[in-house]
Amino acid sequence: MEKPSNLLLKVARRLFDDADEQAKFIASLVNPQPFAPCILWCQDKLEVSPFAVETPTLWQPEFVDRLSLGEKPGQHPLHQQGYFYCLDFSSVFAASVLLTINQPVPLVFDMCAAPGGKSVFAWKALKPDLLISNEVIGKRLGMLISNLKRCHIQPSCVVNRDSSIFVEMFAESSNLVLVDAPCTGQSLLAKGEKAPGCFHHTAINKSANRQKRIIANSAQVVAPQGYLVYMTCTYSPEENEQVCEWLLARFPQFQAVEVSHLSKYQSHLTSIPCYRMFPQDGLGAGAFTVLFKNMNEGDMKENNLDAILSMCKYDNFTKT
């Protein structure tokens with residue numbers, strides 16, 4: 001096995017008190033093993049799956065299948081026809097906090113949407129009247145639009161703006177805002193991919209500062225009694241628990257919601273209800289997730305649909 005870097009060792013010691021757990025975590029990044037592929041059924045699930053399917057976890061939604069190792073769903077004709085979306089099971093874990101929401105969610109706003117997996121999950125789970133998927137990085141718009149088109153996600157709209165714009169235009173107007181925050185991407189290592197400098201404190205601090213700016217802007221878009229979801233695919237506490245603690249100190253109207261089906265994944269690094277999956281669990285490369293609720297009372301502000309339309313790079317408002 002390749003020798004782990006000192007920076008990885010440092011992060012492992014911060015995440016786990018137990019030496020055996022530290023060793024398992026390090027091994028999962030230095031000597032990554034394949035994870036079972038996963039699909040989210042966008043259209044009605046077929047009675048007989050064309051794939052070999054693993055036994056579902058207790059918290060796995062019915063519209064998600066974890067497949068056997070060796071299955072290649074992206075090469076199946078049903079994929080191109082938009083029957084399903086391929087995603088890492090860690091993304092299912094992170095987005096599964098949405099299953100806790102038991103009230104209508106007419107408007108979903110995905111602030112960092114590309115390539116589209118969390119948008120598709122929210123659309124399937126919550127059936128909103130409108131899904132707005134925003135992506136600030138122009139070169140990532142193509143894959144986002146392509147995925148939403150292929151999977152027939154409607155009514156939907158794709159926009160390309162910095163999160164600060166929405167504070168000015170759509171304050172307190174969305175029932176749910178998703179923030180799948182840009183991060184150092186440390187979990188890429190568990191997939192056998194490269195993430196140069198991902199454990200360096202400069203990269204971590206830069207990423208955490210960007211995350212705080214995005215989540216602060218996003219919080220101001222959430223309507224009273226609405227929800228805010230924060231997710232990452234990285235391990236550093238600065239980008240996860242510490243961002244949550246910062247948000248709650250700055251926006252005391254928000255409260256973290258307990259997600260009972262993820263209780264065994266509760267982070268031991270904070271008392272806030274938030275949840276972590278680690279690669280050594282064998283399900284996925286890793287994720288952090290938390291569901292906040294805006295506890296303020298009052299009416300949401302009216303949405304300016306014309307303003308949304310004027311910003312659209314792609315839209316499909318024909319509801320099926």
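None of the values given here were measured: they were computed from a predicted structure.

Let's shift gears to the packing of aromatic side chains. Tallying each qualifying case throughout the model produces 15 aromatic pairs. The interplanar angle of 75° and the centroid separation of 5.6 Å between the aromatic rings of Trp41 and Phe84 together place this pair among those described as edge-to-face. Taken together, the positions of Trp41 in strand E1 (residues 38–41) and Phe84 in strand E3 (residues 84–86) put the pair 43 residues apart, joining distant regions of the chain. For Trp41, a relative accessible area of 1% translates into the label buried. Judged by its relative accessible area of 0%, Phe84 falls in the buried class. Through successive ring pairs, a cluster of aromatic residues spans Phe16, Phe25, Tyr235 and Phe278. One residue, Arg66, lies across the ring of Phe89, its end atom 5.5 Å from the ring centre.

The subject of this paragraph is the UniProt feature "domain: SAM-dependent MTase RsmB/NOP-type" (unreviewed entry) in the protein. Those residues carrying the UniProt feature "domain: SAM-dependent MTase RsmB/NOP-type" (unreviewed entry) are residues 16–295 in this numbering. Here residues 16–295 is 29% helix and 20% strand, with 33 Å between the C-alpha atoms at its ends.

Scanning all chains against the criterion turns up 1 disulfide. Across the disulfide, Cys157 is cross-linked to Cys312 (sulfur-sulfur distance 2.2 Å). Disulfide Cys157 to Cys312: torsion about the S-S bond roughly -110°, handedness left-handed. You can see Cys157 sitting in strand E6 (residues 156–159) and its partner Cys312 sitting in the loop between helix H10 (305–311) and strand E12 (314–316), a full 155 residues away along the chain. Since its relative accessible area comes to 0%, Cys157 is described here as buried. Residue classification places Cys312 among the buried positions, given a relative accessible area of 16%. Free of any disulfide, Cys198 has its nearest neighbouring cysteine sulfur in Cys183, separated by 9.6 Å. Residue classification places Cys198 among the buried residues on the basis of a relative accessible area of 5%.

This part takes up the environment of Leu7. In this fold, Leu7 is placed in helix H1 (residues 6–15). A residue is classified by how much of its surface remains accessible, and Leu7, at 35% relative accessible area, is partly exposed. A C-alpha to C-alpha distance of 9.2 Å links Leu7 and Cys198, two positions 191 residues apart in sequence. Non-local contacts of Leu7, meaning those with residues more than four positions away in its chain, are made with Phe199 and His200.

By volume, the largest pocket is sized at about 970 Å³. For the largest pocket, the lining is made up of 42 residues, of which Ala114, Pro115, Arg140, Asp180 and Ala181 are closest to its centre. Of all the elements in the fold, those that place two or more residues in the lining of the largest pocket are E3, helix H4 (89–95), helix H5 (117–126), helix H8 (201–219) and strand E8 (222–232). Partitioned by chemical class, the residues of the lining of the largest pocket number 20 nonpolar, 10 polar and 12 charged.

This part takes up the nonpolar core. Core analysis: the largest hydrophobic core is formed by 48 residues, its most contacted members being Trp59, Leu98 and Leu176. Listing elements by their share of this core, those giving two or more residues are E1, H4, H5, helix H6 (141–150), strand E7 (174–180), E8, strand E10 (275–277) and strand E11 (287–294). Residues in contact with Trp59, not counting those within four places in the same chain, are Phe89, Val92, Phe93, Ser96, Leu99, His261, Leu262, Tyr265, Met277 and Leu283.

Moving on: the sheet that holds E3. Reading across from one edge, E2-E1-E3 is the order of the 3 strands in this open sheet, with antiparallel pairing throughout. Each having just a single partner strand, strand E2 (64–66) and E3 make up the two edges of the open sheet. Direction aside, the axes of adjacent strands within the sheet are offset by 25° on average. Pairing analysis gives 3 bridges linking E1 to E3, with the strands arranged antiparallel. Paired with Trp41 across the two strands is Phe84, which belongs to E3.

Thresholds, definitions, all that
- Residues numbered from 1 in each chain as written.
- Predicted model: local features only at pLDDT ≥ 70, side-chain atom pairs only at ≥ 80, totals over all residues.
- Heavy atoms only, no water.
- Phe/Tyr/Trp six-rings, centres within 6.5 Å; stacked < 30°, edge-to-face > 60°.
- Helix = DSSP H or I, 4+ residues; strand = E, 2+ residues; numbered from the N terminus.
- Buried < 20%, exposed > 50% of the residue type's maximum accessible area, 1.4 Å probe, protein only.
- Lys NZ or Arg CZ within 6 Å of the ring centre and 35° of its normal.
- UniProt positions renumbered as here; feature names shortened; annotations may be inferred.
- Disulfide = S-S within 2.5 Å.
- Contact = heavy atoms within 4.5 Å.
- 1 Å grid on protein atoms, 1.4 Å probe; cavity = no way out; pocket = protein on both sides within 12 Å on 5 of 7 lines; lining within 4 Å.
- Points joined across faces, edges and corners; volume = space filled by probe spheres on them.
- Nonpolar A, V, L, I, M, F, W, Y, C, P; charged D, E, K, R; others polar.
- Core = buried A, V, L, I, M, F, W, Y, C linked by side-chain atoms within 4.5 Å.
- Pairing = 2+ DSSP bridges.
- Axes fitted to C-alpha atoms, helices over the stretch in contact; angles between N-to-C directions.

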